[in-house]
Amino acid sequence: FDTELLFQMLEKPIGRISRFFVQINSSTPDTSTTERMYFIQEGIKGFIQSPFLGNGFQSFEHKFGRYSHNNFIELLYSGGLLSLTIYYSIYYYLYNRLSATRGSIRVLGMLSLFCMLVLDFAAVTYLLKNIQYLICTLFVILKLDTTGPKLPSSTLKRPLNSNLGYNNVTAL
């Protein structure tokens, strides 16, 4: 597992997110942070007006001319609690399934979920095909992990018959 490559891939998004949080507490935030904070505030106001079903698909972009730069706000504003619950129930399901696995599948799956959640604070991702492909890939990996061939974890020797000698038995 190449941790250096992972750090290189995450450096830019994590840097942007950390600068965002630093800018929130700054007396003179940059225009990008100011715009994102405005969109979060307006998104929450719109969500409060229609909390269960939202204001309609892509209504945030229609009203403000831009998307909200935050998947949580976008889902709450456009589809209310219903869309947020449905979308993130997929993440919850994957998290539970990954928690039950072991080894590299668990590590890579959990890391993927974590990165997707971090990205959701900085971008609207529910329509991005690469995120949809990643989610589908996690489902396929989990399915293969539970239905695919098992590699032997150890080989035991046990007598089959005193006349025939020993037979290799794979313990699963």
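Scroll up to find the structure this text is about.
The following paragraphs examine the structure supplied in this document. The model shown is predicted, which means the values in this text are computed figures rather than measured ones.

A general tendency of soluble globular proteins is for nonpolar side chains to be buried together. Ranked by size, the top nonpolar core spans 18 residues in total, and within it Tyr 87, Tyr 88, Tyr 91, Leu 113, Met 116 and Ile 135 carry the most contacts. Secondary-structure elements contributing two or more residues to this core are helix H4 (71–99), helix H5 (103–120) and helix H6 (129–147). The biggest single contributor to this core is H4, with nine residues. Non-local contacts of Tyr 87, meaning those with residues more than four positions away in its chain, are made with Asn 71, Leu 75, Asp 120, Thr 125, Tyr 126, Ile 131 and Ile 135.

Attention shifts here to a nonpolar patch on the surface. Residues Phe 52, Leu 53, Leu 81, Leu 82 and Ile 86 make up a contiguous nonpolar surface patch of roughly 530 Å² in combined accessible area. Relative to the assigned elements, Phe 52 resides in the loop between helix H2 (31–49) and helix H3 (59–64).

Along the chain, the position of Ser 68 falls in the loop between H3 and H4. Reaching out from Ser 68, the side chain makes a polar contact with the backbone oxygen of Asn 70 at a distance of 2.9 Å. Side-chain polar atoms of Ser 68 contact the side chain of Glu 74, separated by 2.8 Å. Those residues in contact with Ser 68 that sit more than four places away from it in its chain are Phe 39, Phe 60, Ile 73, Glu 74 and Val 124.

On to the packing of H4 against H5, then. Two numbers describe how H4 lies on H5: the axes approach to 10 Å, and their chain directions differ by 170°. With respect to H5, the axis of H4 lies roughly antiparallel. Residue-level inspection shows Asn 71, Phe 72, Tyr 87, Tyr 88, Tyr 91, Leu 94, Tyr 95, Leu 98 and Ser 99 of H4 in contact with H5, the latter providing Ile 105, Arg 106, Gly 109, Met 110, Leu 113, Met 116, Leu 117 and Asp 120. Considered class by class, the residues forming the contact of H4 with H5 number twelve nonpolar, three polar and two charged.

Criteria and thresholds
- Residues numbered from 1 in each chain as written.
- Predicted model: local features only at pLDDT ≥ 70, side-chain atom pairs only at ≥ 80, totals over all residues.
- Heavy atoms only, no water.
- Core = buried A, V, L, I, M, F, W, Y, C linked by side-chain atoms within 4.5 Å.
- Buried < 20%, exposed > 50% of the residue type's maximum accessible area, 1.4 Å probe, protein only.
- Helix = DSSP H or I, 4+ residues; strand = E, 2+ residues; numbered from the N terminus.
- Contact = heavy atoms within 4.5 Å.
- Patch = residues over 30% accessible without salt bridge, like charges linked within 9 Å, V, L, I, M, F, W, Y side chains within 5 Å.
- Areas by Shrake-Rupley, 256 points an atom, 1.4 Å probe, with all protein chains shown as cover.
- Salt bridge = Lys/Arg side-chain N within 4 Å of Asp/Glu carboxyl O.
- Polar contact = N/O pair within 3.5 Å; in protein donor to acceptor, adjacent residues only side chain to side chain.
- Axes fitted to C-alpha atoms, helices over the stretch in contact; angles between N-to-C directions.
- Parallel < 35°, antiparallel > 145°, perpendicular 65-115°, else oblique.
- Nonpolar A, V, L, I, M, F, W, Y, C, P; charged D, E, K, R; others polar.

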